[in-house]
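# Inside the fold
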Amino acid sequence: MSPEKNVNPPTSTPDSDSLLRRLAGPSVNKAGLAKDQTEINRIIAEVSKGSKFYENEKRKDKDLTQRIERILRLRDEVTKGIDFNKVEQGVDKLVAQLEAKRDLSQTIVHVDMDAFFANVEMLHNPALATKPFAVGGGVVSTASYEARKFGVRSGMATFVAKRLCSELIVLRSHYEWYSEMSAKVMAIFRRYDPTMCVAGCDEGYLNITRYCEEHSLRPEDCVMQMRQAVHTETKLTVSAGIAPNKMLAKICSDKNKPNGQFKLEFEPDAIKAFMHDLSIRKVPGVGRVNERLLESIGIKTCGDVFTQRAVLSLLDKQFGLVFLLQAYLGIASNIVEPGQREERKSIGAERTFNALSDPAKIYAKLEEVAAELEQDMEESGWTGKTITLKYKLDTFQVFTRAKSFDRYISTKKENLFAIGQELLKPELPLTLRLIGLRVTKLKDLRAEAESKARGIKRFFEAAPTLNSPRKKRRIDQSNPGDDYGEQPRLSQDGFATAMPGYDDEEAEEEAERLAHNEEVDDDATDTQMNRNVRSSSSIRPKSTSALPSGNSPPSRPSSSKAASVATSRSVSPNKQNSGYDSEAPPSFLECPICGRLLETDNQGLNEHIDFCLSKQAIKEAQTASLKPASKSENKLVEKKPLRKPRPKEKEKGRSNAENGEGLLRYRKKG
């Protein structure tokens, strides 16, 4: 027997209990799993113990335990001498404000395909119907419901899954099959809501309010009809939740899985009663790390949030009071629409492979990643100012090194590879099993092109009035997430959507599940599956901000040279100096060409316009945008030509001409 199978599981202490839960993975709440997973978790620990994966999870569990201890010390400090009644009264006012935002007018549905990959496989091989099987390579992507009875679930290493179920059949993934069936299913859903929000290849949100009104259908009947259409046309089953908002609908879709539906009563008291005893982990936006943090202060159910509202208020930054109160009340966004491009915060690619130590082979993998990232950036129309190298050691520890530029980087493979190589070289020698590159501080090249086209056309149109909506300041979303941990992520209608740190936990778990076991399929990793199958229109932005303080991975010693060009992921991005006093903000004018807000007067605006408009641009714009002008308009144009800068002003301002700054200072929009 191998050493890892020859040792006893951890002893039953509070710390080891948390480790057992961590080793069990993030998918312990999947439908079809046994309610009591004690024995299953014991086997997982027994199989894993002694492996590098086990040691890494043990280290993370210890780090989280220390983080909890710090939070508890902070709680004790901030609650000394506090009048809890007064604090609770303040929170109660906030609860009343949130309650006033409750909207029960919309019927939202969350649809979730049942064991999607597994059921698609059964369409091609019906003999699998009564057998326990899983889809994946080194890691389980999906487990059939027969396999789930043994504790097998997504995100689990295949060697662990086989230990839980000796008869388990493991199938290679067929991404083209899943992609084809996903397109068919989503087409059926769009009959009921053309502007549905696709949340993945196998799930999404719909607003069926209008459809039900137009067809005189009850929501239950409409969803039943939709589910029947999916089964008739694809032979696949889907579960659904019906509720007044997206959060509740997602929770409800899991109530009667598989092949079922659940409708929550559209009454405030019924909703609060439904949420009161619900496990806090069932709430979308609460991860397993969040769950353990909440348990440390006595919160296991949504009802406990109200009981502990004073402590949560005092530790708002760590827990996110507003989001948790929303969960307690069952209030969330009910806006359903396709994902927007401006929601994206980063774009990246990575590769998982068998452990490599040869620098040449590691660089070859890095070059593959750079080529994939180049393709993604050019196809989707993004560039950025910060590039981050991510790598995972053979000990399963994850590190990042980043470099920022004062310009937007080239999207060419050679440039991306060179930057990645510069960040990686000081860290060598290393033994790696994952490497990736990610670009942040994004700029939407498509939006920029469209904006410039509109700006040039608008320049030659009649000037807008002072009350024109064009005068309103627009929000610059090219660099969201810099001040992570300070502001909660909000939905379009202003509802908090997750606890602090949730996005980072989700992203890290998705990456780490690719390397949970000692052997990884180099030809068909789940990373590739996510690129090919998952829709880009997700309710949750794929990318995430950096980790909040106290949740960073252990730092690997690096050379001084590396430190000069790289930053650890635990260090927040530095805020750029805006160049003005925030207490006395100056007036700003918007350039009609580039759309920037300028701290200047009319004279300076004219000089900036001269910079933006070359003679060729004017000529093209006149050809494409100008309508035949009236005589009076022609006189006006002749009378008011564009003011050219005086020679001295030109000479003085050209030192910064390459940045288009001249004598102006820019302010970030928003």
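Residues numbered from 1 in each chain as written. Predicted model: local features only at pLDDT ≥ 70, side-chain atom pairs only at ≥ 80, totals over all residues. Heavy atoms only, no water.

## Concerning the overall build of the chain
For clarity, the threshold we go by: Secondary structure elements follow DSSP: runs of H or I no shorter than four residues count as helices, runs of E no shorter than two count as strands, and numbering proceeds from the N terminus. Residue burial is assigned from relative accessible area. The probe radius is 1.4 Å, only protein chains are included, and a residue is buried under 20% of its type maximum, exposed over 50%, and partly exposed in between. We call two residues in contact when some of their heavy atoms are within 4.5 Å. Computed with a 1.4 Å probe, the accessible areas rest on the Shrake-Rupley method; for each residue, only the protein chains presented here act as cover.
Summing up its helical and strand segments, the chain has 27 helices and 15 strands in all. Taking all 670 residues of the chain together, the buried fraction comes to 48%. Relative to all contacts within the chain whose residues are 6 or more apart in sequence, the contacts with residues 24 or more apart total 73%. With the model as given, the accessible surface of the chain reaches about 33,500 Å², and the carbon-plus-sulfur share is 50%.

## Digging into the pattern of salt bridges
Defined as follows: Salt-bridge detection follows one rule: a side-chain nitrogen of Lys or Arg within 4 Å of a carboxyl oxygen of Asp or Glu.
Applying the stated criterion across every chain yields a total of 25 salt bridges. The salt bridge partner of E233 is R191, with a shortest N-O separation of 2.8 Å. With E233 in helix α10 (residues 219–234) and R191 in the loop between α8 (175–189) and β5 (197–200), this residue pair connects regions lying 42 residues apart in the sequence. When its relative accessible area of 45% is taken as the criterion, E233 is described as partly exposed. Residue R191 is classed as partly exposed on the basis of its relative accessible area of 45%. Through salt bridges that share partners, E39, R42, E46 and R163 make up one connected network.

## Things to note about the sheet that holds strand β1 (residues 108–113)
Quick note on the threshold: Only strands that DSSP links by at least two bridges are regarded as paired with each other. The axes used here are C-alpha line fits, helices contributing only the stretch in contact, and every angle between their N-to-C directions lies in the interval 0 to 180 degrees.
Strand order in the open sheet formed by five strands is β5-β6-β1-β7-β8, with mixed pairing between adjacent strands. Edge strands, defined here as strands with exactly one partner in the open sheet, are β5 and β8 (261–263). This sheet shows a mean twist of 15° between the axes of neighbouring strands, independent of strand direction. As defined by bridge partners, β5 adjoins strand β6 (residues 203–207) across three bridges and the pair is classed as antiparallel. Residue pairing across strands places G200 opposite E203, the latter belonging to β6. Sheet strands touched by α8: β1, β5, β6 and β7 (238–243). Its angle to β1, the strand with the most contacts, is close to 160°. Here α10 sits on the sheet in contact with β1, β6, β7 and β8, set at roughly 160° to β7.

## Topic: the sheet that holds strand β4 (residues 169–171)
What the three strands build is an open sheet, ordered β3-β2-β4; its pairing is mixed. Only two strands of the sheet have a single neighbouring strand rather than two, namely β3 (140–143) and β4. Taken pair by pair, the neighbouring strands of this sheet meet at an average axis angle of 30°, ignoring direction. With three bridges joining them, strand β2 (residues 133–136) and β3 adopt antiparallel strand pairing. Of the residues in β3, the one forming a bridge with A134 is A143. Set on the sheet, helix α5 (residues 116–124) makes contact with β2, β3 and β4; between it and β2 the angle comes to about 105°.

## Some details on the packing of aromatic side chains
For the record, the criterion: Classification of ring pairs uses Phe, Tyr and Trp, with its six-membered ring standing for Trp, and accepts pairs whose centres are within 6.5 Å; under 30 degrees between planes counts as stacked, over 60 as edge-to-face, and the remaining range as tilted. In our convention, an over-ring charge means Lys NZ or Arg CZ found within 6 Å of a ring centre and within 35 degrees of that ring's normal.
If you walk through the whole model with that rule in mind, you get eight aromatic pairs. Consider the rings of Y363 and F417, whose centres lie 6.4 Å apart with planes at 85°: the pair is edge-to-face. One end of the pair, Y363, is in helix α18 (residues 359–380); the other, F417, is in helix α19 (residues 413–424), and 54 residues separate them in sequence. With respect to burial, Y363 and F417 carry one shared label: buried. Three or more aromatic residues link up through ring pairs in this structure, and these residues are F116, F117, Y175 and Y178. In this structure, R148 is placed above the aromatic ring of Y145, and the distance from its NZ or CZ to the ring centre is 4.5 Å. Directly above the ring of Y408 sits K385, whose terminal nitrogen or CZ lies 4.9 Å from the centroid.

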